[in-house]
Every structure is written in C-alpha cells, then in structure tokens.
Amino acid sequence: MYLWTFVGVLFSVLITKNSTPKPDFFNQDEQYLCARNTLALNNRLCLEITETPAYLYKEFLASIANEQGKTSATFIENEPNFEVWTNAFPKLSVEELASLFYSSDEFALMPIVGITRQQAEAFCEWRTEAFKKELEGMSKRERARFPKDFVFRLPSAKEWGIMRFKGQPNQVLDQIEDLANQNSKSFKLNRSKTLKNSKTLTNIYDTPKEQIGYYNVFNNVAEMTYLEGIAVGGGWNLPTPNTSYTKEFSYEKAEAWLGIRCIFEILD
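Conventions used here
- Residues numbered from 1 in each chain as written.
- Predicted model: local features only at pLDDT ≥ 70, side-chain atom pairs only at ≥ 80, totals over all residues.
- Heavy atoms only, no water.
- Disulfide = S-S within 2.5 Å.
- Helix = DSSP H or I, 4+ residues; strand = E, 2+ residues; numbered from the N terminus.
- Buried < 20%, exposed > 50% of the residue type's maximum accessible area, 1.4 Å probe, protein only.
- 1 Å grid on protein atoms, 1.4 Å probe; cavity = no way out; pocket = protein on both sides within 12 Å on 5 of 7 lines; lining within 4 Å.
- Points joined across faces, edges and corners; volume = space filled by probe spheres on them.
- Pairing = 2+ DSSP bridges.
- Axes fitted to C-alpha atoms, helices over the stretch in contact; angles between N-to-C directions.
- Core = buried A, V, L, I, M, F, W, Y, C linked by side-chain atoms within 4.5 Å.
- Contact = heavy atoms within 4.5 Å.
- Nonpolar A, V, L, I, M, F, W, Y, C, P; charged D, E, K, R; others polar.

## Thoughts on the state of the cysteines
For the coordinates displayed, the defined rule picks out 1 disulfide. With a sulfur-sulfur separation of 2.1 Å, Cys 34 is cross-linked through a disulfide to Cys 46. One quick way to see it: the torsion about the S-S bond of Cys 34 and Cys 46 is about -65°, and its sign makes the bridge left-handed. In this pair, Cys 34 sits in the loop between strand S2 (12–15) and strand S3 (38–40) while Cys 46 sits in strand S4 (residues 45–48), placing the two residues 12 residues apart along the sequence. The pair Cys 34 / Cys 46 is uniform in exposure class, with both members buried. In this structure Cys 124 is not part of a disulfide, and its nearest cysteine sulfur, from Cys 262, lies 3.8 Å away.

## Quick notes on empty space enclosed by the protein
All chains considered together, the criterion is met by 1 cavity of 30 Å³ or more. Empty space within the largest cavity amounts to approximately 30 Å³. Lining the largest cavity, in full, are Ala 54, Tyr 55, Lys 58, Leu 100, Phe 101, Ser 104, Asp 105, Phe 107 and Ala 108. Breaking the lining of the largest cavity down by element, the ones donating at least two residues are helix H1 (54–68) and helix H4 (94–103). In terms of residue count, H1 provides more of the lining of the largest cavity than any other element does, 3 residues in total.

## Overview of the sheet that holds strand S5 (residues 150–153)
With antiparallel pairing, the 4 strands of this open sheet are ordered in space as S3-S4-S10-S5. Strand pairing shows two members of the sheet lacking a second neighbour, S3 and S5, which therefore form its edges. Between one strand and the next, the sheet's axes are offset by a mean angle of 25°, whatever the strand orientation. For S3 and S4, the ladder comprises 3 bridges, and the chain directions are antiparallel. For Ala 40, the partnering residue across the bridge sits in S4 and is Cys 46.

## What to know about the nonpolar core
Within the largest apolar cluster, 79 residues are counted, with the highest numbers of intra-cluster contacts made by Trp 85, Phe 123, Met 163 and Ile 260. When residues in this core are grouped by element, the largest group, 8 residues, is from H1. Leave out the neighbours within four places in its chain, and Phe 123 touches Thr 52, Leu 56, Tyr 57, Phe 60, Ile 260 and Cys 262.

## Examining the layout of surface pockets
Roughly 260 Å³ of volume is contained in the second largest pocket. For the second largest pocket, the full set of lining residues is Ala 88, Phe 89, Pro 90, Lys 91, Leu 92, Lys 193, Thr 194, Asn 197, Ser 198, Lys 199 and Thr 200. Taken together, the residues of the lining of the second largest pocket break down into 4 nonpolar, 4 polar and 3 charged.

Have a look at this one:
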C-alpha cells in the first residue's frame, strides 16, 4: 500500500500496490503529487515518512544484478557492509545477516544501514530513474499529476528540520497509520524475530511522531544529510535520546546506527 500526497496541500490518498492514484481533488487548485510515501515540506520538497527501508535498497541492488550481474564491481561496491550490521545484531554472523537480507523479508522494514554517503547517493540516483520509468507507463492524464522533472536526494539539515512545522490533519494521520499497518502486514513484520528481539534497531514504523506524520524522528537511526560526515535525528547508539531538530551528529564511515531519509525535490 502506498501513500500519495499533493505538494503544498494537506491532502493524501492511499492506494494498493501497483495501482494508479485516483485522488479526489476536493476542488483544490491543481497541484503536483509528491512521490509515494512522502509528505510535502513546501511547494517543491517532499520528505519520506519513514527512514528508507531495507527492501527498497534491496530493489536497487536487484536492479544492478539484473543489468550487470552480482559479481560486477558496481554490485559489490553498493552492497551494505554486513560487518557493520553485527554491531546491531551481535548474535548473528556476517554470512547469516547477508543471507537473511537477500533471501527473506526479515529486514525488509528495517532502515537500511551500513552504507556510505556515496552508496546512498547512488541509491538516490537509481530511485530517481526508476520512478521516471514508472511514470512513463502511465496515461498522459495520470502522468500530468506528477512533476515534469524531479530528483531523489539526501536532505540538508535545515530541510530535514522543516518537518517540525508541518502538522497534519487527523485524516492524513489516520491514513499514514493505515499505510504502516498494511505494509507491516504485507511484509509479515510480526514474524520478524530478529527485529522483534533487537535491543538496537527496530522497524521503520516503530515510533510515530504525533501530529507531523513522520516515524522514528529521534530514535532508531541517525540520518545522513547531503554533507559528508553530517547526520541529524538520533539513533539507538546515543546514551541519551536527542529531541532537537537542529542538532547535528558527526560520522566517518558506514555505521549500524546511521541510515537515510530521502528528499523528493521537484525541479520543474
């Protein structure tokens, strides 16, 4: 199930997987739709409701494998660092973690971690092109609801912090909750013993931030910005939870407490 929202207005519509959004415009002025599962920050920026889930990153790797092969340099360069994952799951080996990631949905709704900023940027580039291809398959009328040009990318710290000003009406909050429940059911989250028993990482829908519609803002993982070595939010590694939208964190490499939350930027 997906959530689509209009840029610049507090309105959303839920649709089922692989279906086309058919929103009722409620006499709104014509607006472009954000990418699925994002909420509008302003007239050109939309931010993911959750941390980017591992299943999306696995789709990115599957695309590389289909085009270049699993032994290609590009595939190997973009694999998560499963050695880093052992910091969050010390009872599992690198081989066990990799097997669970590739062969099951055990980590599907976990935020993708153990990647570098360069890998995150490569993922964003793929996501941009993948969404463009998806839109090409729509009718002319359906395609017109989306921006002509756009890009997925990492946010700046300032852009990330805008979310605190974006209160959502109850209708939208209820639909976001429905989305979380449906996706959790689709990926059988309740059967994910690894995440259930984890004292570190948890699923992307674990902690909703009341009124603004986003999940895991200050818990679970810190989130990269577009600047090398700068992250925001908070993570399971912090001795005291952060609650500041303006606080920045430093990092030097891929970490088990560091993920991403993408911006969808409308260019035209």
